[in-house]
Structure formats: structure tokens, C-alpha cells
Amino acid sequence: MVLRIDPDRMRTDFEQLAAMGGTADGGIARTTFSEAHFEARAWFLERGRAAGLETHVDSAANHSLRLPAGDRSARTLLLGSHLDSVRRGGRYDGALGVLCALEVLRAVQDAGLALPVALEAIDFTDEEGTLVGELGSWALTGELSAEILAAPRGGRDLLVSELARVGLTEEGLLAARRDPSTLAGFLELHIEQGPVLERAGTDIGIVTGIIGSSSFQVVFEGDARHAGTTPMEARRDAALGAAGFVLGVRETVTRDFPGCVATVGDIQIEPGSFNVVPGRARLRMECRSLDPEELDALELALAERARAEAATYGLEVELRRVGRWEPAPTDERVRAAIELAAGALGLTTMELPSGAGHDAQALAQVTPSGMIFVPSAGGVSHDPAEHTAWEDCVNGANVLLGAAVDLARSG
Ligand SMILES: [Zn+2]
């Protein structure tokens, strides 16, 4: 018999959760440690208590519900995602994964299934990066370094003041590590946030891995000169280097790195006026790949391209890497469990990489991890218009349930 979740109970939860930080345009404003975020997290624990589940909050403020195994020393299979949102986000990103995890625990409990591992539904702290990004999940792996905390995405001052305000400490963040030998794996259900599943008319995405990324600051240096008196052939125009590089990045990636992406997301020209030849152009560029070695090669190729463009226009160029997130392949056995669970429900599947970062990226470093994607209408995400058909949400929850039970039994 194929186990199923209770779609009405999950729908009630979904509506209640969407009201916390809900905006008039149907979106969600639930940034890390905002009032709405606290409200959602308290609600999550309360829903767990109401179902008779154990609750736990660790020293990185990760919020958990547990369905223990008969043997208290059994390992734990983690299921979850995040309840925080971007400033103007949608109702599905992260929240759906946490709700489905909660629903899976209740469904297993209702069915009276005795599993050899504990199940834990977890809401990770600050996935979206109001402060750091994937903060709780990296803390749990023990790979959150003092270096990351020294230069967090939201700025060091904000991190320090927010931790103090909510009663957390950096020591606590670092102490939230869980011994990997106590974990049986991690499963995260998430909306795709892209158009692939919808376009293919496929029910379930099995994530092959979470793409890694490198980001760079690129500065072209030329000479700022009078725009009227400097002949065209006598110029060292930094804007030309920038323009050539933008086109060159596209050409390099599409020609030599199929499946990878690279983007110049910001250009600042100095001094920035009508009548001065640009003397300096500052660009911010990032590139992404699913494979660590390919990411290395892509970094080198783009650096080479920047130097070639600089040479063409008689400029100096300087590249500085400002960040790198390693690609995180998912676990083969976890992918097989997802495939099997979807098949048992008569759902169609396809394998695809995740172009966005997720908590599973962190967990994959220490325990067998996998991700289930459900379709995003129009591929829209990080926007109030974010939407996933309810049937797809229910399908995803049932796949999560089937895969979790399979992994728990074999794990
Ligand atoms: Zn998310």
C-alpha cells in the first residue's frame, strides 16, 4: 500500500503560514528574525506539539520537530527547508518544504509505522541570506567558519547586532554542529524556481546536484581624458573593455561550457559623465557550474577572456575572486528513493540540477542528501507572484513521504 499525506490538513497549514508576513499582493515578507519570522517559527513548533511531536531549537536557532524511533540511540533522517523569505518573496519558497516535512511526520505517525530511524522536520535559520545565507544548515554541518561570519552577506554590523538582539552568539552558531554519524540523511522538497518542469509537463524533479558559483570583481583601467580633444585612436577607454567582456563572457560560456552560466550583473563606469572618456570600469561577475573541476576551468577561461579584452583595447585589468560556493552533487541512493516513490504514485520525473542555492548544499557535505523539486508556474520565484499548483504541492509531499520511509527503512 502506498502511504499518502492528508492534503486538507496540509492546506490548512499552508493558509495559516502564508498569513504570517503575508503582503497585500499575495506575497510574503518574512526576513530572518523579523516579527513575522518569529511568528511562523513559533507556529511551526506549536503545530508539532499539537501533533504530539517532540520540539527542539538548537544554538543556531534551527527549529525542529521530531518523531523518535523506538530505539532512542537511532540515527535521524532530516527533512526540511526554511521559513524565512526574501524581502518581497512568495508563499512557496522554503515554506512548502517545511510544511511537507511536518506533514510527512504526521502521516507516518498516523499510519502507526515503526521506523528504525528518527524523523526530524527542520526549519533552518536564515537560508535566504538576510544575514549570512544558509546560516543554520552550515552551522549544523559544522562547516560554518569564523571566516564566513567575519564577512557575511548582510554585513558584519548587521549580523552582530541581530545576534545580540535575538539572544544568539557566534559561539552558539559554531556549536550547533551535529555529529554526521548521528544522521541518516537529508531530504529537501522545494519549488523549482525555474521553468523546466512546467515546460516539460513533468510532475517531479529529481535534483542531480546544487550548482556551485564563483563571484568576481573585475576592474578595467584606462585613461580618463577629454571626450572632445582625444582622438579615437589615442584613447584607452575602460568602457570598451567592459563592453567587450560582457559579450565575451556570453560567447565563452555558450561556446565552451554548455550547461554552465555566467553573468555580468553590475557595471560602474568612472568618472561617469558625458564628456570624459571612461578611465575605469568596475564589473561584478559570477559563474556557475555543477562540477567543481568545470567551475575551475570556467573561472580560468573567463579570466583569460578579461585579459584578452583588456589587451584589445590597451587597458589594464584586475580580477579578484570575492566568493566561491562549491557544487554539491546529491546522493545516488537518495535520488533512487525519490524516483521509486514517484513511480509508485504514477508521477512523471526528470533529473535536473538546481541553479539556486539551498540548505541541501550544506547538508550534502556531511550526509547523503537529495532534493525533490515541484513545478513553479512560469518559473517565477522570489516574487509575490510565485505559485505552484496545489496538486503539485500534494504530489511533492507524497513523494517526500515515500522517499523518506524508503530511506528510513534501509538506513
Ligand atoms: Zn528556498
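These notes cover the structure that comes with them. A quick note: this is a predicted structure, and the numbers were derived from the prediction, not measured.

Parameters at a glance
Residues numbered from 1 in each chain as written. Predicted model: local features only at pLDDT ≥ 70, side-chain atom pairs only at ≥ 80, totals over all residues. Heavy atoms only, no water. Helix = DSSP H or I, 4+ residues; strand = E, 2+ residues; numbered from the N terminus. Expected span 1.5 Å × (residues − 1). Buried < 20%, exposed > 50% of the residue type's maximum accessible area, 1.4 Å probe, protein only. Arc of directions from axis to C-beta. Contact = heavy atoms within 4.5 Å. Polar contact = N/O pair within 3.5 Å; in protein donor to acceptor, adjacent residues only side chain to side chain. Donors = N, O, S within 2.8 Å, 3.2 Å for Na, K, Ca; no water. Pairing = 2+ DSSP bridges. Right-handed = clockwise from strand over helix to strand, strands pointing away. Salt bridge = Lys/Arg side-chain N within 4 Å of Asp/Glu carboxyl O. Axes fitted to C-alpha atoms, helices over the stretch in contact; angles between N-to-C directions. Phe/Tyr/Trp six-rings, centres within 6.5 Å; stacked < 30°, edge-to-face > 60°. Lys NZ or Arg CZ within 6 Å of the ring centre and 35° of its normal. Disulfide = S-S within 2.5 Å.

Glancing now at helix H11 (residues 332–344). Between its first and last C-alpha atoms H11 spans 18 Å; for 13 residues at 1.5 Å apiece the expected length is 18 Å, and the two agree. For H11, the complete set of buried residues consists of Val334, Arg335, Ala337, Ile338, Ala341 and Ala342. One face of H11 carries all of its buried residues, which in axial projection span an arc of 160°. H11 presents Glu332 and Leu340 as exposed residues on the side facing more than 90 degrees away from its buried surface. In this structure, the buried residues of H11 make contact with strand E5 (183–191), strand E6 (204–210), strand E14 (349–354), strand E15 (369–374) and helix H13 (390–410). Where H11 begins, one side-chain oxygen reaches toward the backbone nitrogen of arginine 333, 3.1 Å away; that side chain belongs to aspartate 331. After H11 finishes, the residue glycine 346 shows a positive phi value of roughly 70°.

A word on the coordination of the zinc ion. Within the protein, the zinc ion binds to His82 (NE2), Asp93 (OD) and His190 (NE2); these donor distances fall in the range 2.0 to 2.2 Å. Coordination of the zinc ion draws on donor residues from a single chain, spaced H-x10-D-x96-H in sequence. Note that aspartate 93 is positioned in the loop between strand E3 (76–82) and helix H3 (95–110) and histidine 190 in strand E5, a separation of 97 residues in sequence. The pair aspartate 93 / histidine 190 is uniform in exposure class, with both members buried.

What follows deals with the pairing of strand E4 (residues 118–124). For E4, a buried count of 7 out of 7 residues is recorded, marking the element as mostly surrounded by other parts of the structure. Sheet topology note: the E3/E4 ladder contains 7 bridges and is parallel. Counterpart to threonine 76 in the pairing with E4 is alanine 118. Note on the crossover from E3 through H3 to E4: the handedness is right-handed.

So, about the pattern of salt bridges. In the structure shown here, the tally under the stated rule is 31 salt bridges. Between arginine 284 and aspartate 266 there is a salt bridge, with its nearest N and O atoms 3.2 Å apart. Taken together, the residues arginine 284 in strand E11 (residues 280–289) and aspartate 266 in strand E9 (residues 261–270) connect sequence positions 18 residues apart. A single network of salt bridges, built from pairs that share partners, joins Arg9, Asp13, Arg47, Glu103, Arg106 and Asp110.

The next point concerns the sheet that holds strand E12 (residues 316–325). If you walk across this open sheet you meet the 4 strands as E9-E11-E7-E12, and the pairing is antiparallel. Taken across any chain shown, the strands that pair with only one partner, and hence form the sheet edges, are E9 and E12. The sheet shows a mean angle of 15° between the axes of neighbouring strands, direction not considered. Bridging between strand E7 (residues 212–221) and E11 involves 10 bridges; their strand directions are antiparallel. Within the sheet, the bridge partner assigned to glutamate 221 lies in E11 and is arginine 280. Packing of helix H10 (residues 292–312) onto the sheet brings it into contact with E7, E9, E11 and E12, and relative to E12 it is tilted by some 160°.

The next subject is the packing of aromatic side chains. Inspection of the entire model under this criterion finds 6 aromatic pairs. With a centroid separation of 5.7 Å and 75° between ring planes, the pair formed by phenylalanine 124 and phenylalanine 186 is classed as edge-to-face. Of this pair, phenylalanine 124 sits in strand E4 while phenylalanine 186 sits in strand E5, and the two are 62 residues apart along the sequence. Its relative accessible area of 0% is what places phenylalanine 124 among the buried residues. Given a relative accessible area of 1%, phenylalanine 186 falls into the buried group. The ring of tryptophan 390 carries arginine 11 above its face, with NZ or CZ at 4.6 Å from the centroid.

Let's shift gears to the state of the cysteines. Tallying each qualifying case throughout the model produces 0 disulfides. Here cysteine 287 is not disulfide-linked; the sulfur of cysteine 260 is the nearest cysteine sulfur, at 8.0 Å. Looking at cysteine 287, the relative accessible area reads 0%, which means it is buried. Among the cysteines around cysteine 393, which has no disulfide bond, cysteine 100 carries the closest sulfur, lying 6.8 Å off.

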